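Residues per chain are reported as follows:
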Amino acid sequence: MEIDEQKRFQKPPQSYWMDSTPQPEYPPLDRDIQVDIAIIGGGITGISTAYFLNQHGVKAAILEADRILQGTTGHTTAKITSQHGLIYSKIKEQMSQEMAQQYADANQAAIQMINAIARENHIECDYVPQSAYDYTLLDKYMDKISQEVSVASSLGIKATYLEEIPLPFSVKAAVRFDEQAQFHPRKFLLPLVQKIAENGCQIYEQSRIVNIEKNNRYTLQTNHGNKVTAEKLIIASHYPCYNKSGLYFTKIYLERSYVAAIRAKEQYPGGMYITAEEPGRSLRSQTSDHGELILVGGEHHKTGQGEDTIKHYEALMDFANEHFTVEDIPYRWSAQDCMTLDDIPYVGQFTSKTPNMYIATGYGKWGMTNSIASAMILRDLIIKRFSPWQDVYNPSRQATAASAKTFIIENLNVAKELIGGKIFSLPQDIDIQFGEGKVIEANGERAGAYRDEEGTLHVVNTTCTHMGCELNWNSAEKSWDCPCHGSRFTYLGDIIDGPAVKPLTLDGDVNPIEKLVKNDF
Ligand code: FES
C-alpha cells in the first residue's frame, strides 16, 4: 500500500451516506407516554415499519438509543438485491424449495417496494437499476454457481450463468441477477422520517431502552428513567435489546466489514458484484459531488476478533490498486452486521410465549431488501395476523443440521473468549503513542488505555457490561469491541453498539477514568 494511503487511514472513518445528507434532530423522551405500538430502533427497519403501519392509520413511537439512521443503515453498501450470496441453493438443500420460494418472493417484493415508495413520494435517492453478480475465481465454485442459477431460475428470478463479467479481470464463473438496483439509503429514508413524523409518529432519539417488563402491556424504561407503555412492541434495535427470553445471544453473532470509497482513473463498468468465496470482495459505484465513487467492500471478521483492524482497509486498497488506477480515497467506513445460524433473518413474534412482541434482526450483510421485507412481514402480522413469508423468517424455526453445528461452533467461540479474555499478560511495553490504544494492567485489573491526539490518556475497564467478556481494541475505529456478542464502546466508555445497555465502569458508578488515571503509566 502507498504511504499516502497509510496517512489517510490515520484520519477517522467517514461514511459517504452520512457525509452527503443532513442529520435531523429529535428530542429524547422526557416524560412517560402510552402508545399503541412502540418500535425500538430508528434504522431502516424501524422507520419503514412505522411508515407501513402509518399507511394503516397506526401511529407508533420510535425509540432510538443514539441518532436515527446512523448505525448500520448509514454504513451499508446499499445494494438493493435479492442475490444474497449463493443463498437459494442453500435454503433449498437445508430447508425446502417452498422456504426458498418464500425468501425469494420476500426479497423480490422488497426491491419493487423500494422503487414504488421512491416513485410515489417523489424521492430523489440516486436509485439506479443494476444487475447483481456473484462471481468466482476458483474452479471448485463453478458447480455451486451453476446450481444457484438453476435454483434461482426455478423460483422466478432472472438468473443467468456467465463465464465473463464486465469487471477488468477474468473469472471462472458468475451468476447474474437482472432487475436489481442501488440507491442512497439515507436520501431514501430521510423523507420517510419526515412523512411519518408529520403523520403523528413520535420519534425520540438518545432514548436507550434499558428494561422491558411484560404485564398486561409492555412497559419500557429509558436510560433517563422515563416509561413507555405499549400494547405491542417491535424490537428493531439491530441486536435485540431484550434477553429475558428467546436466547438470541446464543443464535446471533456479530461481524464487521469494511468499505473504501475510491476515485479511479478508469470509468466503472456498471453492476454490483460480490465474490462467492473468501476473501469476500464487493463492488458497486455511486455518483457524488466528488465524481464517481467506486465502493470496494469486504474483509469481514467477528466483532472484537479482527486483530489490527486497519489491515482490513489496507487489504481492500491492495485489491483496488490491483484492478483500478486509484486517484483518491474520499471515504472509508465499516459496518456491524448481525449474523444468524442459517443466514436467514429472525423476523416475527419474538418467542411463542411473547404475544404482541415482535423482532426483526439478523440480516447478515443483506439489510436493504431484508429490512423492507421484514417491515412488510411485521405490518402483515400486526394488521392481518399472517404473512406469506412468515415461515422462512420465523424466529422460532427448527434448527437444521448445519445451523445446529454453527450454534455449537459460535457458542464455543463465545466461551473461549469469555474465559480466554480473563487470562492476559501485561505487555512489556506500556508506552502508548498518540492515537494508539492498548490493553494494560491498572490497579491489578485488565484495563484499556487510549492516548488521544492531544496526548490525554483515557483508561477504561475492559470488562463488557453485557455479560462480562473482555473487550479488545479496534485500531481502525478507535473503539473497544466485545468478541462475544459484539457490543462496542468509545474510548471514553460510551456505548456505540449493543446489546450492552450500560457504559463501561470499573465498579458500580465509579468513573473508571477518574479511578485509574494516575500518571503512572
Ligand atoms: Fe455480550 Fe459483551 S456483548 S459480553
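Scroll up for the structure.
Residues numbered from 1 in each chain as written. Predicted model: local features only at pLDDT ≥ 70, side-chain atom pairs only at ≥ 80, totals over all residues. Heavy atoms only, no water.

Trainee: Go over the overall build of the protein chain with me, naming the residues and quoting the values.
Mentor: A count of helices and strands for the protein chain gives twelve helices and 24 strands. Along the longest, intermediate and shortest principal axes, the C-alpha atoms of the protein chain span 65 × 60 × 45 Å. For the protein chain, restricting intrachain contacts to residue pairs at least 6 apart in sequence, the fraction spanning at least 24 positions comes to 70%. Here the protein chain has roughly 21,700 Å² of accessible surface; of this, 48% comes from carbon and sulfur atoms. Across the protein chain, the 50 positively charged side chains and the 66 negatively charged ones have centroids separated by 5 Å. (Helix = DSSP H or I, 4+ residues; strand = E, 2+ residues; numbered from the N terminus. Contact = heavy atoms within 4.5 Å. Areas by Shrake-Rupley, 256 points an atom, 1.4 Å probe, with all protein chains shown as cover. Lys, Arg positive; Asp, Glu negative; His and termini not counted. Charge placed at Lys NZ, Arg CZ, Asp CG, Glu CD.)

Trainee: Any details on helix 5 (residues 97-120)? Residues and values, ideally.
Mentor: Between its first and last C-alpha atoms helix 5 spans 34 Å; for 24 residues at 1.5 Å apiece the expected length is 34 Å, and the two agree. At the C-terminal side of helix 5, H122 shows a positive phi close to 50°. (Expected span 1.5 Å × (residues − 1).)

Trainee: Hey, could you go over the pattern of salt bridges for me, with residue numbers and the actual values?
Mentor: Counted according to the given criterion, the structure contains 18 salt bridges. Residue R31 is joined to D30 by a salt bridge in which the shortest nitrogen-to-oxygen separation is 3.3 Å. Classification of R31 by relative accessible area gives partly exposed; the value is 41%. For D30, a relative accessible area of 57% corresponds to the exposed category. A single salt-bridge network, built from bridges that share partners, covers R379, D380 and K384. (Salt bridge = Lys/Arg side-chain N within 4 Å of Asp/Glu carboxyl O. Buried < 20%, exposed > 50% of the residue type's maximum accessible area, 1.4 Å probe, protein only.)

Trainee: Before we move on, could you go through the environment of R379 and cite the residues and values that matter?
Mentor: As for its position among the elements, R379 is in helix 9 (residues 367-383). For R379, a relative accessible area of 14% puts it in the buried group. Placed 22 residues apart in sequence, R379 and A401 show a C-alpha to C-alpha distance of 31 Å. Polar contacts involving the side chain of R379 include one to the side chain of D380, which spans 3.0 Å. (Polar contact = N/O pair within 3.5 Å; in protein donor to acceptor, adjacent residues only side chain to side chain.)

Trainee: Just give me the short version of helix 3 (residues 44-54), but keep the residues and values in it.
Mentor: Within helix 3, eleven of the eleven residues are buried, which leaves the element mostly enclosed by the surrounding structure. Along helix 3, the residues classified as buried are I44, T45, G46, I47, S48, T49, A50, Y51, F52, L53 and N54.

Trainee: So what's going on with a nonpolar patch on the surface? Which residues, and what values?
Mentor: A cluster of nonpolar side chains, contributed by F407, I408 and L412, occupies part of the molecular surface with about 300 Å² of accessible area. Tracing the sequence through the fold places F407 in helix 11 (residues 401-420). Under the relative-accessibility criterion, F407 is labelled partly exposed at 36%. (Patch = residues over 30% accessible without salt bridge, like charges linked within 9 Å, V, L, I, M, F, W, Y side chains within 5 Å.)

Trainee: Now, about the packing of aromatic side chains: what can you tell me, with residues and values included?
Mentor: One pass over the full model with this rule turns up 19 aromatic pairs. Measuring from centroid to centroid gives 5.4 Å for F183 and F188, while their planes differ by 55°, and the two rings are tilted. Measuring from ring centre to ring centre gives 5.8 Å for Y248 and Y346, while their planes differ by 65°; the resulting arrangement is edge-to-face. In this pair, Y248 is assigned in the loop between strand 10 (227-235) and strand 11 (252-264) and Y346 in strand 16 (residues 346-349), connecting sequence segments 98 residues apart. Grouping residues by exposure puts Y248 and Y346 together as buried. Sitting over the face of the ring of Y141, K144 holds its NZ or CZ atom 5.6 Å from the ring centroid. Stacked on the ring of Y346, the Lys or Arg K251 has its end atom at 5.1 Å from the ring centre. (Phe/Tyr/Trp six-rings, centres within 6.5 Å; stacked < 30°, edge-to-face > 60°. Lys NZ or Arg CZ within 6 Å of the ring centre and 35° of its normal.)

Trainee: Describe the environment of T361, with residues and values.
Mentor: Mapped onto the fold, T361 is located in strand 17 (residues 357-361). Since its relative accessible area comes to 2%, T361 is described here as buried. Separated by 32 residues in sequence, T361 and Y393 place their C-alpha atoms 10.0 Å apart. Setting aside its immediate chain neighbours within four residues, T361 contacts H238, Y239, P240, I252, C338, P345 and Y346. A polar atom in the side chain of T361 sits 2.5 Å from the backbone oxygen of H238.

Trainee: Report on the pairing of strand 20 (residues 457-461), specifying residues and quantitative values.
Mentor: The element strand 20 is largely enclosed, with a buried count of five among its five residues. Of the two faces of strand 20, the one lined by L457, V459 and N461 and the one lined by H458 and V460 are each fully buried. Of the pairings in the sheet, the one linking strand 19 (residues 445-451) to strand 20 comprises five bridges and is antiparallel in character. By the bridge assignment for strand 20, A447 is matched with N461. (Pairing = 2+ DSSP bridges.)

Trainee: Can you lay out the nonpolar core for me, pointing to particular residues and giving the numbers?
Mentor: Soluble globular proteins: nonpolar side chains tend toward being buried together. Core analysis: the largest hydrophobic core is formed by 79 residues, its most contacted members being Y88, F188, I234 and Y393. If you tally residues by element for this core, the top one is helix 5, at ten residues. Counting residues in hydrophobic clusters, the runner-up holds 27 residues, among them L29, A38, L63 and L220. (Core = buried A, V, L, I, M, F, W, Y, C linked by side-chain atoms within 4.5 Å.)

Trainee: Tell me about the pairing of strand 11, residues and numbers included.
Mentor: Successive side chains on a regular strand alternate, one facing one side of the sheet and the next facing the other. The buried count for strand 11 comes to twelve of 13 residues, which makes it a mostly enclosed element. Relative to strand 15 (residues 326-340), strand 11 runs antiparallel, the two sharing twelve bridges. Each bridged residue has a counterpart across the sheet, and for A264 the counterpart in strand 15 is V326. Bridging between strand 11 and strand 14 (residues 293-302) involves seven bridges; their strand directions are antiparallel. Across the sheet, I262 pairs through a bridge with I294, a residue of strand 14.

Trainee: Outline the sheet that holds strand 20, listing residues and values.
Mentor: With antiparallel pairing, three strands are arranged side by side in an open sheet as 18-19-20. At either margin of the open sheet sits one strand with a lone partner, and together these are strand 18 (437-442) and strand 20. Taken over all neighbouring pairs, the strand axes of this sheet differ in orientation by 35° on average, direction set aside. Pairing geometry for strand 18 and strand 19, over six bridges, is antiparallel. The residue of strand 19 that forms the bridge with E441 is R446. (Axes fitted to C-alpha atoms, helices over the stretch in contact; angles between N-to-C directions.)

Trainee: Requested: an account of the state of the cysteines, with residues and values cited.
Mentor: What the rule picks out here adds up to one disulfide. Not engaged in a disulfide, the cysteine C201 finds its nearest cysteine sulfur in C241; these two sulfurs lie 17 Å apart. No disulfide involves C338; its nearest neighbouring cysteine sulfur is the one of C241, lying 12 Å away. Accessibility expressed as a relative area gives 2% for C338, which makes it buried. (Disulfide = S-S within 2.5 Å.)

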